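Structural characterization, general
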Amino acid sequence: MKKLLALTSVAAMCATGALANDGLVAEMDKPEQWAIQTGDYKNQRYSELDQITADNVGSLQANWTFSTGVLRGHEGSPLVIGDIMYVHTPFPNIVYALDLNEDGKIIWKYEPKQDPNVIPVMCCDTVNRGVAYANGKIYLHQADTKIVALDAMTGEEVWSAVNGDPAKGETNTATVLPVKDKLIVGISGGEFGVQGHVTAYDLDSGEQLWRAYSVGPDDQILFNPETTTELGKPVGADSSINSWEGDQWMIGGGTTWGWYAADLEENLFYYGSGNPSTWNPAQRPGDNKWSMTIFARDIDTGEAKWVYQMTPHDEWDYDGVNEMILTEQEIDGEERKLLTHFDRNGLAYTMDRVSGELLVAEKYDPAVNWTTGVDMDPESENYGRPAVVAQYSTEQNGEDVNSTGICPAALGTKDQQPAAYSPKTELMYVPTNHVCMDYEPFRVSYTAGQPYVGATLSMYPAPDSHGGMGNFIAWDNTTGEIKWSLPEQFSVWSGALATAGDVVFYGTLEGYLKAVDANTGEELYKFKTPSGIIGNVMTYEHDGKQHIAVLSGIGGWAGIGLAAGLTNPNDGLGAVGGYAALSDYTALGGQLTVFSLPD
Amino acid sequence: MQLTRTFVASTLLAALALPAMAQDADEIDNISVAYEEDGRYYTEDDIPTYNITEDGQKVDWLTYSGFRRYHSECHVCHGPEGMGSTYAPALKDSAIDMDYYDFVDVVVNGRQKINAAENSVMPAFGDNPNVMCYLDDIYVYLKARGTEAVPRGRPGGREDKTDAIREAENACLGL
C-alpha cells in the first residue's frame, strides 16, 4: 500500500511539475545533489543515498574543510548542484561557489555591500539560513532584505529587489523558496514591531507579484472571508483586525522568517508566522490573528486557503515559524496528505494539509507545562485552542509580575532548527531545547527601528530532568508519541538529516557532528568540529562517493543565551555557575567540514 | 539636600567597606555610595551607582529596574546578566572599565567596529525611550554585576520605588 502510494504521488508530482518549475523539481529529485535548503519541497531533509549505513558510519572521516572567513553564527547549509557546492555566510552574506572537482577551489565569490547599520537591527545575531537555486541562478536574501539573483556559473548579479526597510527593523535571516515561476520570501523583525508579510517575486525578472501580510485588513492579508477557513469554518470578514485593539496590528509582528514547504499538486505553499508585538501581552488584547499561525496559501495568487492559529494571544514569544514537514501516511486507518509542525510552544501538530483539519496535537517534550493540551472536540467552542494553565499565564499574572517556571522558554521546545523525516521508519527526528524560563512583562513604547520587546526573561535547564538543555528525539507524528529521546548537554540547534542508509545526523553546540541509528537512536559516530554547530547537516554524492557536510560556527540565539551558561535564579546562590557554559567547550568559527568513508 | 547626603553616607559606611577596599588609594572610586537622593545613589563625583542594604538583602530600586530593562533591551545581543555573547561584549565589565559619560555616549550614539575581523555595531538608542528613560538603571545594574555585588539571576529583595523615581519615569516616557 505504501509503495503504491509513493508511486502515484511521484507520478502526480511529475505531472504538475512539468507545468511548474520542472527544472528545480528534477534537480531536487537527484539524490546525489542537495538542491534546496530543506532537502525537497516537503521539508523532509531525507536523502536516498545509502552508501553510508548504520553498519559503516563508525569509520566516517573528515575529508576536507573550508573556512568561510566569517565569525558569526552559521545557520543553514551548503547546496550542491552538479559539480559545484554553494556555501553562504552570515552577515556580510558572502556566497562562494566551490569546485568539487578541484578540492573545493573557489570558482567565484560574491560579497554584497550592505550598510552595517542593519547588524544591530537583527535580533539575535546576523545569521542567514542559506541560498536557493533554480533555473541556473542562485538566490540570496541578504540581511538588509535585498534579494539578489546570481548567475550560478559566474556569480554575476542578474537582478535584485528590495523586500523591506531595515530602518524600520525589517531584516532577513531566512532562505527563499523558488517554486513554479516565483520566488517566495519572508521577513524578520518581530522584536521591532514589523508588520510581517510574505512576498512573491518573478523568478526571472525580480518583479514583485503579490504580498500577503500576516496581520491587517483582508485585502492586505489576502484572505477571502468566505473561502479562507480555519479548522473547516470560513474565517469571516476582518478576521485579523477584529482580534486586535485599535491600530496595534500595524506594529503587530507576525513575521515570516522560518522555512517554507510546497505541494505542487495542491498548488499550495505552507509556512508559519511569528510572535505578535510586543512581548507584553497586556499591551495587545485579543487573539492577535494571524500571528502564531500555520498558513496554506495559493502559490499563484497568495490567497490563504486555510489557516490555524496555534497560540492565540501569545504570552511567551512562541513564534510559529518552524518548518512544515509534508508526508503521505496512514493515520487512523486512512491514507492522508499530512503536514507536521513542531512548534516553539512545545506542541507538535499533525494536520491534513489539504483541508487544514487538526489531527494530532501533543507535547513533544514532557516538560511543557503552560498548557494542558489542545481542545480536540470539533463541537467545542474552544476547538483547536490550547488550554492555558493560569500559573504560567503571563497575561493572567499581569504586567510587572514575574511568572516563574514556564516550560518551554521563549526559544521554544524547538526553534527554527529543522527536523528530518525518514519514509523508511516513518519517524521524525527532532532537535529540541529543554529549557524553561521566568517571564516578566512590562509596558514599553514603540519607536520605529528600535527594539520593541517589553519583557524580562531568565532561562535555565528544565528542572527535575537530566540537567541538560536539549534532547534529540524520534517522534511518531501519526500518534503523537516520542519513540526515543537522547539527552544532550546543550540545546540541539542543528538541523537533522535522515538517510536511506538508516543513519540520522545532527550537530551539537559543543561542535560534535553525531550519527545515530534511525531505528534505535544508538550513537554510531561523533566528530568534534572546530566550533559549535547551529547549521543543518546535508549530504551529496560526488565521484560515486557519498559525503556528509555541515557548517560550524557558534552564534545565533544559542550564542547569546548559552555562551555564558544559564542559571536558575530559583535555585539560589549555590547553583549559580553550576550549569555548563558553552564558552568552556567551543569558540567562534566559520567552517565547513565534509565527511566521507575511507577509500 | 546636603543634609540627606551626609546622613546616608554615614549609615552606609559598613556596606561600602568591601568595594572600597578593592580600590587603589589614589584611584577614583566609581563604585562607593557617597550620597542618596530620593532613592537614587551617587558616588562622590555624582556618578550613579548601586546600593546594597547593610544586611545584603535588598538592592536599590534602580538596580532592580536595571535588571528588568537590561533583559528587555540589551540581553538579545549582550547575553544574560551582562555576561556577553558570541558577538557582543560583556557589559558588566564595560560598566566598570568605561567612564560613565563614555558609557552613556555609546548607548546614545552607538559605535561601529567594522574591519576585516569584526562586524560589530552598537546601535544608537538616543531616541528610544525604553532605553533612555532607564539608562541609569541599566548602568548601575551592570556596575553591580561587574563587581559581583549582585550575582547572576534576579535580584532578591529591593527597595521601594520612590515617588520621585516614578515621576521622573512618567515625565521621561511622556505619560
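Residues numbered from 1 in each chain as written. Chains lettered and ligands numbered in written order. Predicted model: local features only at pLDDT ≥ 70, side-chain atom pairs only at ≥ 80, totals over all residues.

1. Quick word on the overall build of chain B
Tallying secondary structure elements over chain B gives nine helices and seven strands in all. Within chain B, buried positions represent 41% of all 175 residues. Looking at chain B alone, contacts between residues at least 24 apart form 59% of all its contacts between residues at least 6 apart. (Helix = DSSP H or I, 4+ residues; strand = E, 2+ residues; numbered from the N terminus. Buried ≥ 20, exposed ≤ 12 C-beta atoms within 10 Å, placed from the backbone. Contact = placed C-beta atoms within 7 Å.)

2. Structural notes on the overall build of chain A
Per the secondary structure count, chain A includes five helices and 40 strands. Taking 599 residues into account, the globule formula puts the C-alpha radius of gyration at 25 Å, and chain A, at 22 Å, falls close to it. With respect to the three principal axes, the spread of C-alpha positions in chain A is 65 × 60 × 55 Å. Each of the 599 residues in chain A was classed as buried or not, and the buried ones make up 62%. Sequence-distant contacts, at least 24 apart, represent 62% of the contacts inside chain A between residues at least 6 apart. (Rg over C-alpha atoms; globule rule 2.2 N^0.38 Å.)

3. Comments concerning the interface of chain A and chain B
Taken together, the 40 residues of chain A in the interface contact 27 residues of chain B. Counting residues per element, the ones that place at least two in the side of chain A that touches chain B are strand 30 (435-441), strand 31 (455-461) and helix 5 (556-561) of chain A. Sort the elements by how many residues they give to the side of chain A that touches chain B and strand 31 of chain A lands first, with four residues.

4. A few points about the sheet that holds strand 2 (residues 61-67) of chain A
Residues and elements named next belong to chain A. Read from one edge to the other, the open sheet built from four strands follows the order 2-40-39-38, with strand pairing classed as antiparallel. Two strands close off the open sheet at either side, each with one partner strand: strand 2 and strand 38 (538-542). On average, adjacent strands in this sheet sit at an angle of 30° to one another, irrespective of strand direction. Here six bridges tie strand 2 to strand 40 (residues 591-596), and the two strands are oriented antiparallel to one another. Pairing of Thr 65 across the sheet is with Thr 593, part of strand 40. (Pairing = 2+ DSSP bridges. Axes fitted to C-alpha atoms, helices over the stretch in contact; angles between N-to-C directions.)

5. Considerations on the sheet that holds strand 13 (residues 197-202) of chain A
All names here are of chain A. Across the sheet, which stays open at both edges, the four strands sit in the order 11-12-13-14 with antiparallel pairing between neighbours. Taken across any chain shown, the strands that pair with only one partner, and hence form the sheet edges, are strand 11 (177-179) and strand 14 (208-213). On average, adjacent strands in this sheet sit at an angle of 20° to one another, irrespective of strand direction. By the bridge criterion, three bridges tie strand 11 to strand 12 (residues 182-185) in an arrangement that is antiparallel. Paired with Pro 178 across the two strands is Leu 183, which belongs to strand 12.

6. Quick look at the environment of Arg 166 of chain B
Turning to its location among the elements, Arg 166 of chain B is positioned in helix 9 (residues 163-173). Arg 166 of chain B sits 109 residues away from Gln 57 of chain B along the chain, and the two C-alpha atoms are 23 Å apart.

7. Things to note about the nonpolar core
Judged by nonpolar contacts, the single largest core of 212 residues is most densely connected at Phe 269 and Val 504 of chain A. Tallying contributions element by element places helix 8 (residues 135-146) of chain B first for this core, with six residues. (Core = buried A, V, L, I, M, F, W, Y, C linked by C-beta atoms within 7 Å.)

8. Examining the confidence of the model for chain B
Note: predicted coordinates in regions of low pLDDT should not be interpreted at a detailed level. All names here are of chain B. Across chain B, pLDDT averages 85, with 85% of residues at or above 70. Below pLDDT 50 for its whole length, residues 1-23 participates in 23 contacts with residues either more than four positions away or in separate chains. Scored as a complex, the prediction yields pTM 0.90 and ipTM 0.76. (pLDDT = per-residue confidence, 0-100.)

9. Structural notes on helix 8 of chain B
Residues and elements named next belong to chain B. In this model, helix 8 (twelve residues) spans 16 Å end to end at C-alpha, consistent with the 16 Å of a helix rising 1.5 Å per residue. Where burial is concerned, most of helix 8 is hidden: eleven out of the twelve residues are buried. Listed in full, the buried residues belonging to helix 8 are Asp 136, Asp 137, Ile 138, Tyr 139, Val 140, Tyr 141, Leu 142, Lys 143, Ala 144, Arg 145 and Gly 146. Lining the buried residues of helix 8 we find strand 3 (48-49), strand 4 (58-59), helix 3 (61-73), helix 5 (91-97) and helix 6 (100-109). Phi turns positive, to about 65°, at Glu 148, one or two residues after helix 8. (Expected span 1.5 Å × (residues − 1).)

10. A word on the pairing of strand 5 (residues 95-99) of chain A
All names here are of chain A. In terms of burial, strand 5 is largely enclosed, as four of its five residues are buried. By the bridge criterion, five bridges tie strand 4 (residues 84-88) to strand 5 in an arrangement that is antiparallel. Within strand 5, the position partnered with Tyr 86 by the bridge is Ala 97. Between strand 4 and strand 5, which pair antiparallel one after the other, the connecting turn spans six residues, and Asn 93 there sits at a positive phi close to 65°. Strand direction decides the pairing type here: strand 5 and strand 6 (residues 105-110), joined by five bridges, are antiparallel. Bridged to Asp 99 within strand 6 is Lys 105. Hairpin connection, strand 5 to strand 6: the antiparallel pair is bridged by five residues, and Asp 103 has positive phi, about 50°.

11. Things to note about the packing of helix 3 of chain B against helix 8 of chain B
All names here are of chain B. Relative orientation of the contacting elements helix 3 and helix 8 amounts to 100°, with a least axis distance of 7 Å. Taken as axis vectors, helix 3 and helix 8 run roughly perpendicular relative to one another. On helix 8, the residues that touch Leu 62, Thr 63, Ser 65, Gly 66, Phe 67, Arg 69 and Tyr 70 of helix 3 are Asp 136, Asp 137, Ile 138, Val 140, Tyr 141, Leu 142 and Ala 144. Classifying every residue of the contact of helix 3 with helix 8 gives eight nonpolar, three polar and three charged. (Parallel < 35°, antiparallel > 145°, perpendicular 65-115°, else oblique. Nonpolar A, V, L, I, M, F, W, Y, C, P; charged D, E, K, R; others polar.)

12. A short note on unusual backbone geometry
At the junction of Phe 91 of chain A and Pro 92 of chain A, the peptide bond is cis and its omega measures out at 15° in the coordinates. Examined against the element boundaries, Pro 92 of chain A turns out to sit in the loop between strand 4 and strand 5. The omega angle of the peptide bond from Ser 277 of chain A to Thr 278 of chain A is 5°, so this bond is cis rather than trans. Note that Thr 278 of chain A resides in the loop between strand 18 (268-272) and strand 19 (293-298). The backbone of Asn 135 of chain A shows a phi angle near 50°, a positive value even though the residue is not glycine. Locating Asn 135 of chain A in the fold gives a position in the loop between strand 7 (132-134) and strand 8 (137-141). What makes Asn 135 of chain A partly exposed here is the crowd of 16 C-beta atoms within 10 Å. Notably, Glu 148 of chain B is not glycine yet its phi reads approximately 65°, a positive angle.

13. Concerning the environment of Trp 484 of chain A
All names here are of chain A. Assignment of secondary structure puts Trp 484 in strand 33 (residues 481-488). Its 17 C-beta neighbours within 10 Å are what place Trp 484 among the partly exposed residues. Taking the C-alpha atoms as reference points, Trp 484 and Asn 471, 13 residues apart in sequence, are found 9.8 Å from one another. Beyond its immediate chain neighbours, meaning those up to four positions away, Trp 484 contacts Ile 473, Ala 474, Thr 520 and Gly 521.

14. A short note on the confidence of the model for chain A
Residues and elements named next belong to chain A. For chain A, the mean per-residue pLDDT works out to 92, and 93% of the residues sit at or above 70. Note on residues 1-20: pLDDT under 50 across the span, and 14 contacts to partners over four residues away in sequence or across chains. In this model residues 569-578 is a low-confidence stretch, pLDDT under 50, and it forms 13 contacts with partners more than four residues away in sequence or in other chains.

15. Let's talk about the environment of Tyr 429 of chain A
All names here are of chain A. Its place among the elements puts Tyr 429 in strand 29 (residues 427-433). With 27 C-beta atoms counted inside 10 Å, the residue Tyr 429 sits in the buried group. Setting aside anything within four residues of it in sequence, one finds Tyr 429 in contact with Ala 419, Ala 420, Ala 474, Ala 496, Ala 498 and Val 504.

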